[in-house]
Amino acid sequence: MTSDVKQERKTVLIIEDEDNLLAPLTYNLEREGYRVVTATDGGEGLELAREESPSLVILDIMLPTMDGIQVCRVLRSESGVPILMLTAKGEELDKVLGLEMGADDYMTKPFSMRELLARVKAMLRRTELSPASTDGNAGGVITSGDLSIDVEARKVSLGGVPVKLKPKEFELLTLFAGHPGKAFTRDDILDKIWGGKDNIDRRTVDVHVRWIRQKLGEGDGAPRRIITIRGHGYRFEG
């Protein structure tokens, strides 16, 4: 049974140097109806990303010529394309670095092909329907004091000064600001922003909230828009 994405022929770029993984990834994604382009080293993958403008990138960390962390950093500086990173078991530091560089999600090898296909579909769906658009804010501007979020343009400013957020940071802030006063559990957030909580550490939410606070100038002791609810999650104070 093929996915309904088949008709859209979205392009997925796979940057992976292990043939025993690259081949089944390509086969299964093409079977689901995606157009697949591949690269076996980081430099080639970066050039392909620029040429093909893919809808999603599957990026291994351990690559020749240019590792996945470097590729992710450059890609994120040039594009908002969703990036799914592949890490080896136990590479906790690499996972954190990948997220810091702007990766949207990660999977640890070995993984289920069915789960990977579900992650890809969810990431592409979120690209089309961000939390803001599903909550009726698409095309509008969310304001809270001197904070302004242009949903359609995906731009944030604070006191008229642009704030540069990574894709997941933007989606998370938009989710919070679009529902002032609403308490979200970490599982709620993982479901809405990451497409589910399976194999995603709940600390991922905390890390992204910390990054948002830092970029909004909400350091230790400063008033905060995103309030921590101990033992529960977070709430946005508009």
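Refer to the preceding data block for the structure.
Notes on the structure in this doc start here. (Residues numbered from 1 in each chain as written. Predicted model: local features only at pLDDT ≥ 70, side-chain atom pairs only at ≥ 80, totals over all residues. Heavy atoms only, no water.)

1. Observations concerning helix H8 (residues 186-194)
Part 1 of the reasoning: Within H8, the full set of buried residues consists of Arg186, Ile189, Leu190, Ile193 and Trp194. Viewed end-on, H8 has its buried residues packed into an arc of 100°, placing them on one side of the element. (Buried < 20%, exposed > 50% of the residue type's maximum accessible area, 1.4 Å probe, protein only. Helix = DSSP H or I, 4+ residues; strand = E, 2+ residues; numbered from the N terminus. Arc of directions from axis to C-beta.)

2. Structural notes on unusual backbone geometry
Part 1 of the reasoning: In this model, Lys109 is joined to Pro110 through a cis peptide bond whose omega is -10°.
Part 2 of the reasoning: Position of Pro110 relative to the elements: it lies in the loop between strand E5 (105-108) and helix H5 (113-128).
Part 3 of the reasoning: One non-glycine residue, Ser53, lies in the positive phi region at around 45°.
Part 4 of the reasoning: Along the chain, Ser53 turns up in the loop between helix H2 (42-52) and strand E3 (56-60).
Part 5 of the reasoning: Of note in the backbone geometry, Thr65 takes a positive phi value of approximately 65° without being a glycine.
Part 6 of the reasoning: Along the chain, Thr65 turns up in the loop between E3 and helix H3 (68-78).

3. As for the sheet that holds strand E11 (residues 226-229)
Sheet strands pair by backbone hydrogen bonding; their relative direction is either parallel or antiparallel.
Part 1 of the reasoning: A sheet is described by the order of its strands in space; here three strands give the open sequence E10-E12-E11, paired in antiparallel fashion. This sheet does not close on itself; its edge strands, each paired only once, are strand E10 (183-185) and E11. Across this sheet, the average inter-strand angle for adjacent strands is 30°, counted without regard to direction.
Part 2 of the reasoning: The sheet contact formed by E10 and strand E12 (residues 233-236) spans three bridges and is antiparallel. (Pairing = 2+ DSSP bridges. Axes fitted to C-alpha atoms, helices over the stretch in contact; angles between N-to-C directions.)

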